[in-house]
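# Architecture and fold: a report
What follows is the residue order along each chain.
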Amino acid sequence: MPETEQADEEQWVDVARFPSLDEAQENALVALAMGEAIRVDHGDIPGEFELRAEPSAAPRVSNELKEYAAEAEAKLPPPPLISQSWSHHPSGVLHYLVWAAVLLFVFRAQGLDPTLAERGASSSIGLIAHGEWWRPFTALFLHGDGGHIFGNLASGAVFGMLVSKSLGPWKGWAMILLAGTVGNAITSAVTYPEPFRSLGASTAVFGALGILSGIGIVENFREDLRMPWMRVLAPLLAGLVLLGWLGGAAPGSGVDVFGHVFGFSAGVIAGAACRFLERPTASEALRQR
């Protein structure tokens, strides 16, 4: 070996050793992030790799690698896919059955009195111009036909029971109806003075989906404040995908897309507020430390 190359070799100092090339390269990135030169060489033992730094930077690099290793060991496990508090509440089957019975009763009443839908549907003119404040709420119990109501009963069973498991049946169904009512009211305000009219429980159903997304955001945020924001917002992104898949429609199809979007948005706020105002359980508090 030429003397100049041998002199260069002697200028590098060992700062760490690793049993695999992947670990050595991962830690080399830490040194590079410090702005220091680093080398990965084969160690004296077969299969072992050494990190070498310049003498002046060796102490700083060595300390940084030790801190990096300590942080890696202290990292908390990833948060569970299902909240630890999820199973603390009943599924609210009875509450769902009461809601379903009311929808079927009102649907039967619509057949006996065709003017019922006209008097109770959500209407931009009725709410804004005439002050008929009940319309955003009563519209949630009215439907156009059998397929309309049974579709909402099926999706309401899924999302409604999930909300009940997360918040409790009474609070959960109150928030679902509130989100649906607010969604209808916002739709009327946005579309006025156009004579927009809609009916159906789907605004509340998408409100339930939004509630689940809002709960998920707060729970992810509480798990670890260092969590990447994309992961914190994952429940919202998942909810938006479902919203587009289940609640979207082609223009002129008669589907109340505005109601779906605003019901979902109101639900996100309601779910986030409910979970944020709840006191964490003892197990959740321990995980947050």
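Small disclaimer: the values here were computed from a predicted structure and weren't measured. All chains use their own residue numbering, which begins from 1 and follows the written sequence. Confidence filtering applies because this is a predicted model: local features only for residues at pLDDT of at least 70, side-chain atom pairs given and counted only at 80 or more, and all residues used for totals across whole chains, interfaces and linings. Side-chain metrics rest on all non-hydrogen atoms present in the structure, leaving aside hydrogens and water.

Another point: the sheet that holds strand S1 (residues 13–18). An order of S1-S3-S2 is seen for the three strands of this open sheet, with the pairing classed as antiparallel. The open sheet has two edge strands, S1 and strand S2 (38–42), and neither has a second partner. Taking the axes of each pair of neighbouring strands and ignoring which way they run, one obtains an average angle of 30° across the sheet. Note that S1 and strand S3 (residues 49–53) share five bridges and pair antiparallel. Residue Asp14 lies in a different strand from S3, and its bridge partner there is Arg52. Here, two residues are considered to be in contact whenever any of their heavy atoms come within 4.5 Å of each other. Each axis is a line fitted through C-alpha atoms, taken for helices only over the stretch in contact, and angles between the N-to-C directions span 0 to 180 degrees. Helix and strand definitions here come from DSSP, where helices need a minimum of 4 consecutive H or I residues and strands a minimum of 2 consecutive E residues; each element is numbered from the N-terminal end. Taken strand by strand, helix H2 (residues 21–33) contacts S1, S2 and S3, and its axis lies near 165° from that of S2. Two strands are counted as paired when DSSP detects at least two bridges linking them.

Our focus in this paragraph is the nonpolar core. We call a set of buried residues a nonpolar core when its members are Ala, Val, Leu, Ile, Met, Phe, Trp, Tyr or Cys and they connect through side-chain atoms within 4.5 Å of each other. Partly exposed describes any residue whose relative accessible area lies between the buried limit of under 20% and the exposed limit of over 50%, with all areas from a 1.4 Å probe on protein chains only and scaled to the type maximum. Core analysis: the largest hydrophobic core is formed by 29 residues, its most contacted members being Tyr96, Trp99, Leu103, Leu153, Leu167, Ile176 and Ile211. Elements with a minimum of two residues in this core: helix H4 (93–112), helix H8 (146–167), helix H9 (169–191), helix H10 (202–223) and helix H13 (257–277). The element best represented in this core is H10, accounting for seven residues. Other than its neighbours up to four places away in sequence, Ile176 contacts Gly160, Val163, Ala204, Ala208 and Ile211.

This part takes up the packing of aromatic side chains. Think of it this way: a Phe, Tyr or Trp ring, Trp meaning its six-membered ring, pairs with another when their centres are within 6.5 Å, and the plane angle makes it stacked under 30 degrees, edge-to-face over 60, tilted otherwise. Under the definition given, this model contains six aromatic pairs. Seen from their ring centres, Trp133 and Trp134 are 5.9 Å apart, and the 85° between their planes marks the pair as edge-to-face. On the basis of relative accessibility, which here comes to 67%, the residue Trp133 falls in the exposed class. Relative to Phe262, the ring of Phe258 has its centre 6.0 Å away and its plane inclined at 25°; by these criteria the two rings are stacked. In this pair, Phe258 and Phe262 both sit in helix H13, four residues apart, roughly one turn of the helix. Residue class for Phe258 comes out partly exposed when judged on its relative accessible area of 42%. Among the aromatic residues, those joined into a ring-pair cluster are Tyr96, Trp99 and Trp173. The positively charged end of Arg39 is found above the aromatic ring belonging to Trp12, 5.2 Å away from the centroid. For a ring to carry a charge above it, either NZ of a lysine or CZ of an arginine must fall within 6 Å of the ring centroid while also lying within 35 degrees of the normal to the ring plane.

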